[in-house]
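What the coordinates show
Chain by chain, the residues:
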Amino acid sequence: MNADSHRALYASPLKRWLVILSVMIPSAVYVLDLTVVTVALPHMQGTFSATHDQISWVITSYIVGGTIMTGCSGWVSRRFGRKEVFLASCALFTAMSLMCGLARSLEAEVLWRAIQGLSGAPILPLSQAVMFDLYPKERHGTANSIWGMGILLGPVLGPTVGGYFTEWYGWPWAFFINVPAMIVPLAGVIFILPRVRRETDRRLDWFGFLALLIGVGALQLALNRGEREDWFASTEISIEAGLAAVFLYLFVVQIATGRDPFIRPAVFRDWNYSLGLVFAVIFSFVLQSPIVLLSLFFQNLGGYPVFDVGLLLTPRGIGAFTSMALGGVLIAHFDPRWVMATGFVCFGFSAWLIAGWTTDVSAWQVAWTGIIQGLGSGFVWVPLGTLSVATLAPERRDEALAFMHMMFNVGASLGIVILINVALRTSTMANAWFTEFATPFNPSLQLGMAQEFWGLAKAKGRAALASEIARQASIIGYNNCFYAIAAIAAVSLPFSFLMKRAVGSANAGHVG
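Quantities reported herein were computed from a predicted structural model and do not represent experimental measurements.

**Points about the overall build of the protein chain**
When you go through the protein chain residue by residue, the secondary structure sums to 20 helices and 0 strands. By the burial criterion, 54% of the 512 residues in the protein chain qualify as buried. Total accessible area on the protein chain is roughly 21,600 Å²; 70% of this is exposed by carbon and sulfur atoms.

This is the structure:
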């Protein structure tokens, strides 16, 4: 069944929405599972008697497994059928969620998390492909808006839901909650989701697949463990980086020269799609990094409990929902490239404001700045997701969207790694600079309250001064990260207009 047949079969709004809910709930659960577990890590660390480095594998294994499988989920879908692959992915993800909650050793937990990430990876690209097939091209903005609002449930609700279940029922329920959440959509996938035509004669390009698997896996491991292992001072990171470079090069060569590569080179000849891949990396860089940075800022420097941090970040989700809902309407009446440029303005302006924060920032400031930051999400994603596939043939969407989501994952990892490294290094430099002035000859330390609390004559005063210097230096490190995000958004803004506006890509702007 092709896209036109899908739309004819599901012309009824009720039937269409049943399909939408069947694919959107699993997408939201898959995204939610990363942020939920982040909150539960301290409790899991105690259960498994693990170090900080060891427990981080619970997240790293999920990301690595998901990234590896995402790149080839398009081929798997075309070969075995979209409905069949989506159903198997949801079922395995649910089963692995149960196994993650039942794990009683760190080794078992990491294994099940890797399989969970790998098995659930096709959910996001295939659900987005279903959304595009349900709507004609002129309403793809609407489809992308609905899909974007669904996946935003994960980042928005993740910290709050994870904190609640972990606090009251224990960390296994951060995984067990996936089981009842997936039962209804699984039934919907079985009985409602339409089938698409398979390419049964297309064989897997094993060389390209293995090159991508090893290259992306090694890259993700190097990015996620680099800071802990002091980057290229570590033999492990050097080996992983070398493997990533060699095998990703082989993957590119195979795409260009192979007889039947599992990602066909024709999709990369499409200007909008190739440029969209670059924007996907940039978008995930400026989207995901602030969540991690602000969580660390409020917990480590502000002293906020995990549950309160989730509440502070909620307005960001409100802004994102709003812009996702408006995105389809806006690109129906305005040039989508202007809408995307507006999104980068929101990202840049909000990052510039956050760069001036201290730990005394008010909840109101956090709220309205978060709303602006959230608005950038939809204003960039809806036109980006629509324009990137606007000129692609419908039968190429599965593999194109799968590869795009893989680049999104890589961009998120790059952003988090690079900016945390910026925070650590610039805070270390600031600490060293401040320490130069912590001498008995500094008159500022010999006055009133400063002498009482930070007097260098007493060990207590020296310790208090060192602690305050470290805190201020850390604030500077976080501020520098947001200055970097603002700069990246500003530089990216004019390049939005390099994308071509496809003929007939106007959006009807309504949901039905």
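**A word on helix H7 (residues 123–134)**
Look at H7: 16 Å from first C-alpha to last across 12 residues, which is about the 16 Å you get at 1.5 Å a residue. With 12 of 12 residues buried, H7 is to be regarded as a mostly interior element. Every buried residue belonging to H7 is among Ile123, Leu124, Pro125, Leu126, Ser127, Gln128, Ala129, Val130, Met131, Phe132, Asp133 and Leu134, and all of these are buried.

**Examining the side chain of serine 61**
Among the structural elements, serine 61 can be located in helix H4 (residues 57–80). When its relative accessible area of 7% is taken as the criterion, serine 61 is described as buried. Among the polar contacts made by the side chain of serine 61, one reaches the main-chain carbonyl oxygen of valine 110 at a distance of 3.5 Å. Residues contacting serine 61, with those up to four places away along its chain left out, are Val110, Arg113 and Ala114.

**Some points on the confidence of the model for the protein chain**
Per-residue confidence for the protein chain averages 81 on the pLDDT scale, and 87% of its residues sit at or above 70. Of all helices and strands in the protein chain, the one with the weakest mean pLDDT is helix H1 (residues 3–9) (53), whereas helix H16 (residues 336–354) scores best (94).

**Describing the pattern of salt bridges**
Between side chains of opposite charge, pairing is possible as soon as their charged atoms come close. Here the structure, examined in full by the defined rule, presents 3 salt bridges. Across the pair arginine 82 and aspartate 133 runs a salt bridge whose closest N-O atoms are separated by 2.8 Å. Highlighted residues: arginine 82 in helix H5 (residues 82–102) and aspartate 133 in helix H7, separated in sequence by 51 residues. By relative accessible area, which is 4% here, arginine 82 ends up buried. Looking at aspartate 133, the relative accessible area reads 4%, which means it is buried. Arginine 337 is the partner of aspartate 335 in a salt bridge, and the nearest nitrogen-oxygen pair spans 2.7 Å.

**Some remarks on a nonpolar patch on the surface**
There is a patch of nonpolar side chains on the surface, built from Trp206, Leu210, Ile214, Ile239 and Leu243 and spanning about 470 Å² of accessible area. For the nonpolar patch, the element with the most residues is helix H12 (residues 206–225), which contributes 3 residues. Relative to the elements of secondary structure, isoleucine 239 occurs in helix H13 (residues 235–257).

**Examining the nonpolar core**
Among the nonpolar cores identified, the biggest contains 98 residues, and Phe86, Met131, Tyr273, Phe283, Phe298, Leu384 and Phe482 are the most heavily contacted of them. Broken down by element, this core gets its largest block of residues, 14 residues, from helix H14 (residues 271–301). Once residues within four sequence positions are removed from consideration, tyrosine 273 is found in contact with Val267, Phe268, Ser388, Leu392, Glu399, Ala400, Phe403 and Met404. Of all hydrophobic cores here, the second largest spans 18 residues; its members include Ala40, Ile59, Leu106 and Trp171.

**Here's the deal with the packing of H4 against helix H6 (residues 106–120)**
In contact at an axis separation of 7 Å, H4 and H6 are set at 30° when each is read in the N-to-C sense. Between H4 and H6, the crossing angle belongs to the class labelled roughly parallel. Considering how the two elements wind past one another, H4 and H6 form a crossing that is right-handed. Where H4 approaches H6, its residues Trp57, Val58, Ile59, Ser61, Tyr62, Gly65, Gly66 and Met69 are matched on the opposing element by Leu106, Glu109, Val110, Arg113, Ala114, Gln116, Gly117 and Leu118. Of the residues that constitute the contact of H4 with H6, the class distribution is 9 nonpolar, 5 polar and 2 charged.

**As for helix H11 (residues 178–191)**
Side chains three or four residues apart in an α-helix point the same way, a direct result of the helix having 3.6 residues per turn. Taking 1.5 Å as the rise per residue, H11 with 14 residues should run 20 Å; its terminal C-alpha atoms sit 21 Å apart, in good agreement. Along H11, the helix axis deviates most sharply at valine 184, where the bend reaches about 30°; the proline proline 185 sits within four residues downstream.

**So, the side chain of serine 289**
In this fold, serine 289 is placed in helix H14. Judged by relative accessible area, which is 1%, serine 289 ranks as buried.

**Quick word on the packing of aromatic side chains**
In this structure the tally under the stated criterion is 20 aromatic pairs. Ring centres of phenylalanine 298 and tryptophan 357 lie 6.4 Å apart, and the angle between their planes is 40°; this geometry places the pair in the tilted category. With phenylalanine 298 in helix H14 and tryptophan 357 in the loop between H16 and helix H17 (363–388), the pair connects residues that are 59 residues apart, well separated along the chain. Given the relative accessible area of 6%, tryptophan 357 is considered buried. Ring pairs connect the aromatic residues Phe251, Phe268, Tyr273 and Phe403, which therefore count as one cluster. The ring of phenylalanine 80 carries arginine 79 above its face, with NZ or CZ at 5.1 Å from the centroid. Across from the ring centre of tyrosine 62, 4.0 Å away, lies the NZ or CZ of arginine 113, which sits over that ring.

Quick notes on the rules
Residues numbered from 1 in each chain as written. Predicted model: local features only at pLDDT ≥ 70, side-chain atom pairs only at ≥ 80, totals over all residues. Heavy atoms only, no water. Helix = DSSP H or I, 4+ residues; strand = E, 2+ residues; numbered from the N terminus. Buried < 20%, exposed > 50% of the residue type's maximum accessible area, 1.4 Å probe, protein only. Areas by Shrake-Rupley, 256 points an atom, 1.4 Å probe, with all protein chains shown as cover. Expected span 1.5 Å × (residues − 1). Polar contact = N/O pair within 3.5 Å; in protein donor to acceptor, adjacent residues only side chain to side chain. Contact = heavy atoms within 4.5 Å. pLDDT = per-residue confidence, 0-100. Salt bridge = Lys/Arg side-chain N within 4 Å of Asp/Glu carboxyl O. Patch = residues over 30% accessible without salt bridge, like charges linked within 9 Å, V, L, I, M, F, W, Y side chains within 5 Å. Core = buried A, V, L, I, M, F, W, Y, C linked by side-chain atoms within 4.5 Å. Axes fitted to C-alpha atoms, helices over the stretch in contact; angles between N-to-C directions. Parallel < 35°, antiparallel > 145°, perpendicular 65-115°, else oblique. Left-handed = near helix turned anticlockwise from the far one by under 90°. Nonpolar A, V, L, I, M, F, W, Y, C, P; charged D, E, K, R; others polar. Bend = angle between axes of the 7 residues up to and from the residue. Phe/Tyr/Trp six-rings, centres within 6.5 Å; stacked < 30°, edge-to-face > 60°. Lys NZ or Arg CZ within 6 Å of the ring centre and 35° of its normal.

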